[in-house]
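Listed here are the chains, written in short residue letters.
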Amino acid sequence: MADSSSSLITIQDPGSPASEAYRALRMNLLFSSLDKPIRKLLFSSPSSGEGKSTTLANLAVTLAQVDQRVIMIDCDLRRPTLHTLFGLNNTKGISDMVLNDQALLEPPYQNTEINGLRLIASGALPPRPGDMLGSKKLEIVLDRLMQDADILLLDAPPVMAATDAAILATKVDGVLLVISAGETKREQAQRSVERLQQVNANILGAVLNNVPLDASFTGEYYK
Ligand SMILES: Nc1ncnc2c1ncn2[C@@H]1O[C@H](COP(=O)(O)OP(=O)(O)OP(=O)(O)O)[C@@H](O)[C@H]1O
Ligand SMILES: [Mg+2]
């Protein structure tokens, strides 16, 4: 992803090279799995701050713009941020749907300013996040949400920070690993892949984030 000034560049500047790069990621995602569509997709990265939530949010916008019904789910229970990227709240969320059946019946959706794009925030931090994410009940919750969507995009903590990402990787169709250009250490990236492979995660690929935009990239073409 090109280095852009706003984490939701796809809304603020849809004509920019950065937004084009998110659309390219969308195309790869939609066309890379025509025979077995990816309907539950997890975002993680080796360490914190590498761009998981920003990448998820911008890709979500571009998917909704081609009439996909998209539900973003903030499974980064310890440091939830998706609600802030869309100016929404974190009063209720996925932890409520797992811990209380009423929320399962009426999912606490929050609409965004983009048609077809909704958020399930993380909600209150449960006592044992790892247990909650590893529970059978979470699979039931994801299947319930799948009834209202073409694709679920799950945000997760860094792979090397907690077991949450590896646990979640066993409950989805694919994982995208976000790597930050010039920041992520090769060794960290390799260890993250090994950790995900230990749980037989379907690693679809890596997203190289924060790639500096250079003159040749922006050039006349985009004017
Ligand atoms: N491509 C980008 N261009 C410009 N800024 C970016 C880009 N990607 C991420 N950022 C900025 O870097 C910071 C961290 O991004 P983000 O919150 O998406 O990372 P994260 O991997 O989800 O972090 P955490 O591990 O805390 O969940 C934010 O301030 C965000 O705006
Ligand atoms: Mg994040």
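What you see is a predicted model; the values in this text were computed from it and never measured.

Scoring rules and cut-offs
Residues numbered from 1 in each chain as written. Chains lettered and ligands numbered in written order. Predicted model: local features only at pLDDT ≥ 70, side-chain atom pairs only at ≥ 80, totals over all residues. Heavy atoms only, no water. Helix = DSSP H or I, 4+ residues; strand = E, 2+ residues; numbered from the N terminus. Rg over C-alpha atoms; globule rule 2.2 N^0.38 Å. Contact = heavy atoms within 4.5 Å. Areas by Shrake-Rupley, 256 points an atom, 1.4 Å probe, with all protein chains shown as cover. Lys, Arg positive; Asp, Glu negative; His and termini not counted. Charge placed at Lys NZ, Arg CZ, Asp CG, Glu CD. Buried < 20%, exposed > 50% of the residue type's maximum accessible area, 1.4 Å probe, protein only. Pairing = 2+ DSSP bridges. pLDDT = per-residue confidence, 0-100. Core = buried A, V, L, I, M, F, W, Y, C linked by side-chain atoms within 4.5 Å. Patch = residues over 30% accessible without salt bridge, like charges linked within 9 Å, V, L, I, M, F, W, Y side chains within 5 Å. Salt bridge = Lys/Arg side-chain N within 4 Å of Asp/Glu carboxyl O. Phe/Tyr/Trp six-rings, centres within 6.5 Å; stacked < 30°, edge-to-face > 60°. Lys NZ or Arg CZ within 6 Å of the ring centre and 35° of its normal.

Trainee: Would you mind going over the overall build of the chain with me for this structure?
Mentor: Check the secondary structure of the chain and you find 11 helices and seven strands. For 223 residues, the compact-globule estimate of 2.2 N^0.38 gives 17 Å, and the chain sits close to it at 17 Å. Once the C-alpha set of the chain is aligned to its principal axes, its extents read approximately 55 × 40 × 35 Å. Within the chain, contacts between residues separated by at least 24 positions form 79% of all contacts whose residues are at least 6 apart in sequence. Split by element, the accessible area of the chain, about 10400 Å² in all, is 50% carbon and sulfur. Of the charged side chains in the chain, 21 are positive and 25 negative, and the gap between their average positions amounts to 4 Å.

Trainee: Teacher, can you tell me more about the pairing of strand E2 (residues 70-74) here?
Mentor: Within a regular beta strand, the side chains point alternately toward one face of the sheet and then the other, so they alternate between its two faces. Here E2 lies mainly inside the structure; five of its five residues are buried. Side chains Val70, Met72 and Asp74 project from E2 onto one buried face, and the interleaved Ile71 and Ile73 project onto a second face that is buried too. Of the strand pairs in this sheet, E2 and strand E4 (residues 117-120) are connected by four bridges, and their pairing is parallel. Across the sheet, Ile73 pairs through a bridge with Ile120, a residue of E4. Here E2 pairs with strand E5 (residues 151-155) via five bridges, running parallel. Note that in E5 the partner of Ile71 across the bridge is Leu152.

Trainee: When you look at the confidence of the model for the chain in this model, what are you seeing that I'm missing?
Mentor: It should be kept in mind that the predicted coordinates are not to be read in detail where pLDDT is low. Overall, the predicted model of the chain reaches an average pLDDT of 92, with 93% of residues at or above 70. Per-residue pLDDT stays below 50 along residues 1-5; that stretch engages in 18 contacts with residues further than four places along the chain or on separate chains. Between residues 219-223, whose pLDDT stays under 50, and residues either more than four places distant or in other chains, the model counts four contacts.

Trainee: Could you clarify how one ought to interpret the nonpolar core in this entry?
Mentor: Ranked by internal contacts, the top residues of the largest apolar core, which has 34 residues, are Ile73, Ile94, Leu145, Leu152 and Leu154. Element by element, the count of residues in this core is highest for helix H8 (residues 136-146), at five residues. Not counting the four nearest positions on each side in its chain, Leu154 is found in contact with Leu41, Leu42, Phe43, Leu56, Ile73, Cys75, Leu142, Leu168 and Val172. If you look at the next biggest cluster of nonpolar residues, it comprises 26 residues, including Ile114, Leu119, Ile151 and Val207.

Trainee: What is the right way to read a nonpolar patch on the surface from this model?
Mentor: A cluster of nonpolar side chains, namely Met27, Phe31 and Leu34, defines an oily patch on the protein surface of about 350 Å² accessible area. As for its position among the elements, Phe31 is in helix H2 (residues 17-32). A relative accessible area of 55% means that Phe31 is categorised as exposed.

Trainee: Mind showing me how you'd approach the packing of aromatic side chains here?
Mentor: To describe a pair of aromatic rings, one takes the distance between the centres and the angle between the planes. Going through the model one piece at a time under the given rule, you end up with zero aromatic pairs. Across the ring face of Tyr109, the terminal group of Arg118 is positioned such that the distance to the ring centre comes to 3.9 Å.

Trainee: Is there a simple way to explain the pattern of salt bridges in this structure?
Mentor: Side chains that carry opposite charge are capable of pairing whenever their charged atoms lie near each other. Taken as a whole, this structure holds 10 salt bridges when the rule is applied. Its salt-bridge partner being Arg128, residue Asp131 comes within 2.7 Å of it at the nearest N-O pair.

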